[in-house]
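Inside the fold
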Amino acid sequence: MEQKLTKLQRLGCWLIGWNPEILANCRESSFRSMKKYIAAMIILAFIWGVIGFCFAERYIGIESWYGQSIVAAVFIIIIFCIERFIILNDGGKSVFVFRIVLALLMSGLGSTIFDQLIFKRDVDVIMKEVRTEQINIEVPKRMKIIDAEIKTTSMQLDSIGLSISKINEKIARTPPTTNSTTIGSTTERDSTGKMVVTGRNVTKTEIINPVFEQFAKEREMLSKEIDKLTEKKEKLFEKKLSIEKEVRNEFENMEPGFLEELKALFILLRRENVALIFYIALFAFLTSIELLVLLSKWGEKKCDYELTIESQRNIREEKLRNSEKAILRNDSK
């Protein structure tokens, strides 16, 4: 006898992918199966909603609550899609094995995120040790880079100093000034009116030697370059003295990443047996929750809804086979 489904029951059918018209003609066992599936999916949705919300806040860097809620909603939708796939599947060992492997992976990820939040203070202590190791590795690297820059700058200074020495030698051999001779003449008109030269005068003046001036400009340019390189070298030495403090401040002000905290968590689990036992217990709990729908579907006999679906499929397959045989017979005639 067909039953009238409530709005909640129709919503439940939509969540797990069942046809409400078929369910309306089923017995109470099908309604019980539907309730079990929905209950398991709600538990999973709540757990993974919390994981998604915390993950968005701590590791993705989303500060707004609605942004974190969107990430949590995405996690929930993924969980519903996975469980729907299991519920609507008719069986098969490959699906069973796949869901177990997926459950183990999801449980490992979920328990790791939960443990990072639960053991936050302990992880922070380990993080300081991890950061100290990173600082001890990073400082020599940066020291090496600065030493290479200092060495390059010193070589440039030596090269320019050698060039200035050569220029100074040239300047020493070059007079700073040179004499310039100007020859002039005076003219007068003779009795016939023609211009005739009546006398000559010679004027000698000293001017700056252009070669000396060129050497002086080159020396001045090189001296300015030496000043710049000397200033750069002094700054590099100052940076070398403060590099450890700079690196330490940089790492201490850096937000911890997921992989960093994961590494710190594994260090904590290796050191503390209590933390390891808690992690294993949480992992086992999440794995059990992940397998609720799978075990509910394959651990019990099929309900009449599933039998109805299977019967309809068999009838449809039989009709198709009979139709195919009839077509083949007609073709042979």
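My aim in this report is to walk through the structure given alongside it, one point at a time.

Calculation rules
Residues numbered from 1 in each chain as written. Predicted model: local features only at pLDDT ≥ 70, side-chain atom pairs only at ≥ 80, totals over all residues. Heavy atoms only, no water. Salt bridge = Lys/Arg side-chain N within 4 Å of Asp/Glu carboxyl O. Helix = DSSP H or I, 4+ residues; strand = E, 2+ residues; numbered from the N terminus. Buried < 20%, exposed > 50% of the residue type's maximum accessible area, 1.4 Å probe, protein only. Phe/Tyr/Trp six-rings, centres within 6.5 Å; stacked < 30°, edge-to-face > 60°. Axes fitted to C-alpha atoms, helices over the stretch in contact; angles between N-to-C directions. Left-handed = near helix turned anticlockwise from the far one by under 90°. Contact = heavy atoms within 4.5 Å. Nonpolar A, V, L, I, M, F, W, Y, C, P; charged D, E, K, R; others polar. Core = buried A, V, L, I, M, F, W, Y, C linked by side-chain atoms within 4.5 Å. Parallel < 35°, antiparallel > 145°, perpendicular 65-115°, else oblique.

Take the pattern of salt bridges next. Applying the stated rule across the entire model yields six salt bridges. With its nearest N and O atoms 2.7 Å apart, the salt bridge here joins Asp 147 to Lys 240. Residue Asp 147 is located in helix α6 (residues 120-173), and its partner Lys 240 is located in helix α7 (residues 210-252); the two are separated by 93 residues in the primary sequence. Residue classification places Asp 147 among the partly exposed positions, given a relative accessible area of 33%. A residue is classified by how much of its surface remains accessible, and Lys 240, at 27% relative accessible area, is partly exposed. Residue Glu 244 is joined to Arg 248 by a salt bridge in which the shortest nitrogen-to-oxygen separation is 3.6 Å. Here Arg 248 and Glu 244 lie together in helix α7, a separation of four residues that amounts to about one turn. Residue class for Glu 244 comes out partly exposed when judged on its relative accessible area of 44%. For Arg 248, a relative accessible area of 29% gives the class partly exposed.

A separate point is the packing of aromatic side chains. Tallying each qualifying case throughout the model produces three aromatic pairs. Measuring from centroid to centroid gives 6.0 Å for Trp 18 and Tyr 37, while their planes differ by 90°, and the two rings are edge-to-face. Here Trp 18, found in the loop between α1 (7-16) and α2 (20-23), pairs with Tyr 37, found in helix α3 (residues 28-60); they are 19 residues apart in sequence, far enough to count as distant.

Now for the packing of α3 against helix α4 (residues 65-88). The contact between α3 and α4 brings their axes to 7 Å, and the two run at 145°. Of the two elements, α3 crosses α4, and the hand of that crossing is right-handed. Facing Tyr 37, Met 41, Leu 44, Ala 45, Trp 48, Gly 49, Ile 51, Gly 52, Phe 53, Ala 56, Glu 57 and Ile 60 of α3, the residues of α4 in contact are Trp 65, Gln 68, Ser 69, Val 71, Ala 72, Phe 75, Ile 76, Ile 79, Phe 80, Glu 83 and Ile 87. Across the contact of α3 with α4, the residue classes tally to 17 nonpolar, four polar and two charged.

What follows deals with the nonpolar core. Ranked by size, the top nonpolar core spans 22 residues in total, and within it Ile 16, Trp 18, Leu 23, Met 34, Ile 87, Val 293 and Tyr 305 carry the most contacts. A total of six residues in this core trace back to one element, the largest contributor, which is α3. Apart from residues no more than four positions distant in its own chain, Val 293 is found in contact with Tyr 37, Ala 40, Met 41, Glu 83, Ile 86 and Ile 87. Membership of the second largest hydrophobic core comes to 13 residues, among which are Ile 51, Leu 102, Met 106 and Leu 282.

Direction vectors running N to C along α6 and helix α8 (residues 258-271) enclose 110°, while the axes themselves pass 9 Å from each other. When the axis of α6 is compared with that of α8, the two are roughly perpendicular. The hand of the α6/α8 crossing is right-handed. In this structure, α6 uses Asp 122, Val 123, Ile 126, Met 127, Glu 129, Val 130, Arg 131 and Gln 134 to contact α8, whose residues at the interface are Glu 260, Glu 261, Ala 264, Leu 265, Ile 267, Leu 268 and Arg 271. Considering only residue class, the contact of α6 with α8 consists of eight nonpolar, one polar and six charged.

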